[in-house]
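Notes for the structure review
What follows is each chain in one-letter form.
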Amino acid sequence: MERNEKGACRPGYVSKQQMKKRKIIPYNPELKELARQLRNNSTLGEVLLWKKLRAKQFGGYDFHRQKPLLNFIVDFYCLALELIIEIDGNSHNRSDVSARDADKEVALKEYDLNVLRFTEVQVRFEMEDVLRKLEAYVKWYDEENGCPPSPLKRGVPAGRGV
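Residues numbered from 1 in each chain as written. Predicted model: local features only at pLDDT ≥ 70, side-chain atom pairs only at ≥ 80, totals over all residues. Heavy atoms only, no water.

1. Regarding the confidence of the model for the chain
Put simply, the rule reads: The predictor rates its confidence in each residue with pLDDT, a number between 0 and 100. The contact criterion used throughout is that any non-hydrogen atoms of two residues lie within 4.5 Å.
When pLDDT is averaged along the chain, the result is 84, and 77% of the positions lie at 70 or above. Counted against residues more than four places away or in other chains, residues 154–162, with its pLDDT under 50, gives 19 contacts.

Pasting the structure below:
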């Protein structure tokens with residue numbers, strides 16, 4: 001059964017996730033234009049992953065790219081999975097950028113968001129491994145939130161065959 005935008009596993013089923021009151025995640029409106037610019041100037045890794053996630057191609061989940069949340073812009077965000085995906089390029093090896101990334105994760109975790117990080121190299125050259133890790137996250141998330149297992153099959157929206 002496909003999940004709806006609020007993360008419902010199926011009609012009539014109430015998960016732990018649904019019982020929690022959805023927190024509204026504020027954002028800095030001044031970041032909207034920068035997010036638009038980032039979407040128009042994506043790295044190759046971001047483009048490749050977006051091709052796998054866009055239009056609910058990954059198990060029927062709705063992902064957004066270059067999404068402003070709090071005072072940050074995250075690479076990819078899925079509300080239904082409470083998931084943020086970050087793709088780190090070479091600059092993330094610098095200590096000042098790593099410190100900012102750590103602060104960002106702490107702030108986002110306060111809103112019960114989970115962050116998965118991949119390197120640009122992983123996304124460009126190990127896409128199958130990246131997608132397997134995303135599938136593992138979905139399985140973990142379902143178990144943590146009392147949902148029946150998702151009928152996730154890469155490239156096939158939930159409810160359209162396994």
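There is more to say after this.
2. Regarding the pattern of salt bridges
Selection criterion: Definition used for salt bridges: Asp or Glu carboxyl oxygen within 4 Å of a side-chain nitrogen of Lys or Arg. Working definition: helices are DSSP H or I runs of at least four residues, strands are E runs of at least two. Numbering for both runs from the N terminus.
Within the structure shown, the criterion is met by six salt bridges. Measuring nitrogen to oxygen at the nearest pair gives 2.6 Å for the salt bridge that ties Glu86 to Lys104. Residue Glu86 is found in strand S3 (residues 83–88), and its partner Lys104 is found in helix H4 (residues 95–109); the two are separated by 18 residues along the sequence. Through salt bridges with shared partners, a single network forms among Asp88, Asp101, Glu105 and Arg117.

3. Some words on the nonpolar core
Grouped burial of nonpolar side chains is what soluble globular proteins tend to show. Rules: The set of buried Ala, Val, Leu, Ile, Met, Phe, Trp, Tyr and Cys residues whose side-chain atoms join them within 4.5 Å is what this entry labels a nonpolar core. Buried means the residue's accessible area, taken with a 1.4 Å probe over protein chains only, is under 20% of the maximum for its type, while exposed means over 50%, and partly exposed covers the values in between.
In terms of nonpolar packing, the biggest core is built from 22 residues, with Leu49, Leu53, Phe63, Leu81, Ile85 and Leu134 touching the most fellow members. At the level of elements, helix H3 (44–53), strand S2 (72–78), S3 and helix H6 (127–144) are the ones that each hand at least two residues to this core. If you tally residues by element for this core, the top one is H6, at seven residues. Judged by nonpolar contacts, the second largest core, of 10 residues, contains Leu69, Val74, Tyr77 and Val115.

4. Here's the deal with the sheet that holds S2
We count it as follows: When DSSP finds two or more bridges between a pair of strands, those strands are recorded as paired. Angles shown run from 0 to 180 degrees and are taken between the N-to-C directions of axes, each axis being a line fitted to C-alpha atoms and, for helices, limited to the stretch in contact.
With mixed pairing, four strands are arranged side by side in an open sheet as S1-S2-S3-S4. Each of the sheet's edge strands pairs with one partner strand only, and the pair in question is strand S1 (64–69) and strand S4 (114–119). Strand-to-strand, the axes of this sheet are offset by a mean angle of 45 degrees, without reference to chain direction. Pairing analysis gives six bridges linking S3 to S4, with the strands arranged parallel.

5. Structural notes on the packing of H3 against H6
Condition: Note on terminology: angles under 35 degrees are roughly parallel, angles over 145 are roughly antiparallel, angles of 65 to 115 are roughly perpendicular, and the others are oblique. Helix crossings are classified by the rotation of the near helix relative to the far one: an anticlockwise turn of less than a right angle makes the crossing left-handed, while a clockwise turn makes it right-handed. Three classes are used: nonpolar for Ala, Val, Leu, Ile, Met, Phe, Trp, Tyr, Cys and Pro, charged for Asp, Glu, Lys and Arg, and polar for all others, with Gly counted as polar.
It is at 12 Å that the axes of H3 and H6 come closest, and there the two elements cross at 50 degrees. The angle between the axes of H3 and H6 places the two elements in the oblique class. In terms of crossing hand, the pair formed by H3 and H6 is right-handed. Residue-level contacts link Leu48, Leu49, Lys52 and Leu53 of H3 to Met127, Val130, Leu131 and Leu134 of H6. Grouping the constituent residues of the contact of H3 with H6 by class yields seven nonpolar, no polar and one charged.

6. Observations regarding the environment of Glu120
Cut-off, in case you're wondering: Pairing of N or O atoms within 3.5 Å defines a polar contact, subject to two protein rules: one partner must be a possible hydrogen donor and the other a possible acceptor, and residues neighboring in sequence count only if both atoms are side-chain atoms.
Looking at the element boundaries, Glu120 is found in helix H5 (residues 120–125). A distance of 2.7 Å separates a polar atom in the side chain of Glu120 from the backbone nitrogen of Gly45.

7. A short note on the pairing of S2
Within S2, six of the seven residues are buried, which leaves the element mostly enclosed by the surrounding structure. Sheet analysis places S1 next to S2, joined by five bridges and oriented antiparallel. By the bridge assignment for S2, His64 is matched with Tyr77. Linkage of S1 to S2, two consecutive antiparallel strands, is achieved through a turn of two residues, within which Leu70 is found at a positive phi near 55 degrees. Hairpin connection of S2 to S3: four residues between the antiparallel strands, including Glu82 at a positive phi of 50 degrees.

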